[in-house]
Amino acid sequence: MTAPIVDAHLDLASNVLGGRDYTLEVAEIRAAEQRTDHQCTVSLPALRKAGVAVAFATLFVGPSSWADDGEPVYETPPWDRARAQLAIYRGWERDGRVRVITSRRTLDAHLDQWARDSVMGLVILIESADSIERPSDLGEWFAAGVRLIGPAWSRTRYAGGTRRPGGLTELGRDLVGRMADIGIPLDASHLAEEAFWQALEIGNHALCASHSNARAIVDTDRQLTDEMISAIGRADGVIGLNLYNHFLHPAWADDDRGTEVTLADVRRHADHIAGLIGWHSVGIGSDLDGGLGLEETPVEIETVADLVKLGEVAPAQMAEGVLGANWLRWLRQSLPAT
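Residues numbered from 1 in each chain as written. Predicted model: local features only at pLDDT ≥ 70, side-chain atom pairs only at ≥ 80, totals over all residues. Heavy atoms only, no water.

Trainee: What exactly am I supposed to notice about the overall build of the protein chain here?
Mentor: Helix and strand content of the protein chain: 12 helices and 13 strands. The C-alpha radius of gyration of the protein chain comes to 18 Å, within 12% of the 20 Å expected for a compact globule of 338 residues. With the principal axes as the frame, the protein chain shows a C-alpha extent of 45 × 45 × 40 Å. The contacts in the protein chain between residues at least 6 apart in sequence include a share of 70% that link residues at least 24 apart. (Helix = DSSP H or I, 4+ residues; strand = E, 2+ residues; numbered from the N terminus. Rg over C-alpha atoms; globule rule 2.2 N^0.38 Å. Contact = heavy atoms within 4.5 Å.)

Trainee: I'm lost on the confidence of the model for the protein chain in this one. Help?
Mentor: Interpreting fine coordinate detail is not advised for predicted regions of low pLDDT. When pLDDT is averaged along the protein chain, the result is 97; 100% of the residues meet or exceed 70. Put simply, helix H10 (residues 250-253) is where the protein chain has its lowest mean pLDDT, 90, and strand S12 (residues 239-241) is where it has its highest, 99. (pLDDT = per-residue confidence, 0-100.)

Trainee: I tried to follow the pattern of salt bridges on my own but got confused; where do I start?
Mentor: It is possible for side chains of opposite charge to pair when their charged atoms get near one another. With the rule as written, the count across this model stands at 18 salt bridges. When the shortest N-O distance is used, the salt bridge between Arg215 and Glu193 registers 3.5 Å. Placement of the pair is Arg215 in the loop between strand S11 (207-208) and helix H9 (226-234) and Glu193 in helix H8 (residues 193-202), with a sequence separation of 22 residues. With relative accessibility at 15%, the residue Arg215 sits in the buried group. Taken together, the shared-partner salt bridges in this structure form one network comprising Arg20, Glu33 and Asp289. (Salt bridge = Lys/Arg side-chain N within 4 Å of Asp/Glu carboxyl O. Buried < 20%, exposed > 50% of the residue type's maximum accessible area, 1.4 Å probe, protein only.)

Trainee: What is the right way to look at the pairing of strand S9 (residues 164-168) in this model?
Mentor: Consecutive side chains of a regular strand alternate in pointing toward one face of the sheet and then the other. With 2 bridges joining them, strand S8 (residues 159-161) and S9 adopt antiparallel strand pairing. When the sheet's bridge partners are listed, Gly161 is paired in S9 with Arg164. A loop of 2 residues connects S8 with S9, the two strands running antiparallel in sequence, and Arg163 in this loop sits at a positive phi of about 70 degrees. (Pairing = 2+ DSSP bridges.)

Trainee: Help me out: how do you make sense of the side chain of Ser210 in this one?
Mentor: Summarising the element assignment, Ser210 is placed in the loop between S11 and H9. Only 3.1 Å separates the side chain of Ser210 from the side chain of His9, close enough to count as a polar contact. If near-sequence neighbours (up to four positions away) are discounted, Ser210 is found in contact with Ala8, His9, Leu125, Asp187, Ser189, Gly240, Ile284, Gly285 and Trp327. (Polar contact = N/O pair within 3.5 Å; in protein donor to acceptor, adjacent residues only side chain to side chain.)

Trainee: Could you clarify how one ought to interpret the packing of aromatic side chains in this entry?
Mentor: Aromatic rings considered in pairs are described by the distance between their centres and by the relative angle of their planes. Scanning the entire structure with this criterion turns up 8 aromatic pairs. Between Phe56 and Trp330 the ring centres are 6.4 Å apart and the planes differ by 35 degrees, which places this aromatic pair in the tilted class. Placement of Phe56 in strand S2 (residues 52-60) and of Trp330 in helix H12 (residues 319-334) is noted, with a sequence separation of 274 residues between them. In terms of burial, Phe56 and Trp330 fall into one category: buried. With a centroid separation of 4.9 Å and an interplanar angle of 85 degrees, the aromatic rings of Phe196 and Trp197 are classed as edge-to-face. A relative accessible area of 0% places Phe196 in the buried class. (Phe/Tyr/Trp six-rings, centres within 6.5 Å; stacked < 30°, edge-to-face > 60°.)

Trainee: For this particular structure, what's the right way to read the packing of H9 against helix H11 (residues 263-277)?
Mentor: Packed helices, taken two at a time, are described by their axes: the angle between them and the distance between them. Interaxial distance between H9 and H11 falls to 9 Å at its minimum, and their mutual angle equals 55 degrees. In terms of orientation, H9 and H11 fall into the oblique class. Taken as a pair, H9 and H11 cross one another with a handedness that is right-handed. In this structure, H9 contributes Asp226, Ile229, Ser230 and Gly233 to the contact, and H11 contributes His272, Ile273, Leu276 and Ile277. A breakdown of the residues in the contact of H9 with H11 according to their chemical character gives 4 nonpolar, 3 polar and 1 charged. (Axes fitted to C-alpha atoms, helices over the stretch in contact; angles between N-to-C directions. Parallel < 35°, antiparallel > 145°, perpendicular 65-115°, else oblique. Left-handed = near helix turned anticlockwise from the far one by under 90°. Nonpolar A, V, L, I, M, F, W, Y, C, P; charged D, E, K, R; others polar.)

Trainee: Mind showing me how you'd approach the packing of helix H5 (residues 104-117) against H12 here?
Mentor: The contact between H5 and H12 brings their axes to 9 Å, and the two run at 145 degrees. Along its contact with H5, which presents Arg104, Leu107, Asp108 and Leu111, the element H12 presents Leu328, Leu331 and Arg332. Taken together, the residues of the contact of H5 with H12 sort by class into 4 nonpolar, no polar and 3 charged.

Trainee: Would you mind going over unusual backbone geometry with me for this structure?
Mentor: Negative phi values dominate among residues other than glycine, just as trans dominates among peptide bonds. With a phi close to 50 degrees, His38 is a non-glycine residue in the positive phi region. With respect to the element layout, His38 can be found in the loop between helix H2 (26-33) and helix H3 (44-50). Accessibility expressed as a relative area gives 28% for His38, which makes it partly exposed. Even without being a glycine, Ser118 presents a positive backbone phi close to 60 degrees. In this fold, Ser118 is placed in the loop between H5 and strand S6 (120-127). What makes Ser118 buried here is its relative accessible area of 19%.

Trainee: So what exactly am I meant to see when it comes to H12 here?
Mentor: Each turn of an α-helix holds 3.6 residues, which means side chains three or four residues apart point in the same direction. Under the 1.5 Å per step criterion, the end-to-end length of H12 is 22 Å for 16 residues, consistent within 8% with the ideal 22 Å. The sharpest bend along H12 reaches about 55 degrees and sits at Ala325. Of all the positions in H12, only Ala319, Gly321, Val322, Leu323, Gly324, Asn326, Trp327, Leu328, Trp330, Leu331 and Ser334 are classed as buried. (Expected span 1.5 Å × (residues − 1). Bend = angle between axes of the 7 residues up to and from the residue.)

As structure tokens, this is what we get:
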């Protein structure tokens, strides 16, 4: 058995609700969907083949539109959709396809079992806190298995986010404070810069960026500034490298989709982040199939089974950490004991 790989960001259940059957092989999904863009790169069999021991699996509900004042609008309550996604993960768990990880004890037990059966473990991540109706509901989500929350996607009722900047709202301040009290880590991915610094002023149980790259290389507000990267490093956090070409290469970000993006571009971001906070703070947060697919990722990535190639972006002695050990260390620091 190879060293475990950890992918800190996969939008699995939201895609299942959209009609994708992740129990099939990737080739079967592509054949069924007949897409010419955003082709599937992920499936449960492919994740097993990849050697992914742990994935941060999202509960993600995006808005259906935006109001005139820039606030998100949802067709149905996002918390209902998030509960439906959680039910998918729990159903997979009942079927023996995954194990949901909620503590250091269950993480260690899972890794011991994974070495024998290759069944993947899931850490449940809420991406976009609009899925939480009220901050006072946080205890219920924690009891249901949520162990990480990113308050923003774009703007939410809680925080400014990608393409819609701003700080924490009053609800957001309440949420972040309650997260720290309960012991739920803060995922800084998608947080607007103003909201990021306000959240750090309030304090947090633990900090990471599950799927973000360096703004110094691709200058959009979806990326992390050097100052934000350094702050995550000071908190002993980890940053997951995002494999979306739009976040990897400045020409691709400027809509030159003919630009070839390769692992060399991933390496530029990895080197930059590691130069600021060390290789022990660099991991994978692929975001594969999260609004992207085969055509929107580096040419070396045919499916999620190619994640092992990301070991090539780090010095040889740091590869195992980037592939998974850094996230496992962070989880052991961040998860409750039992």
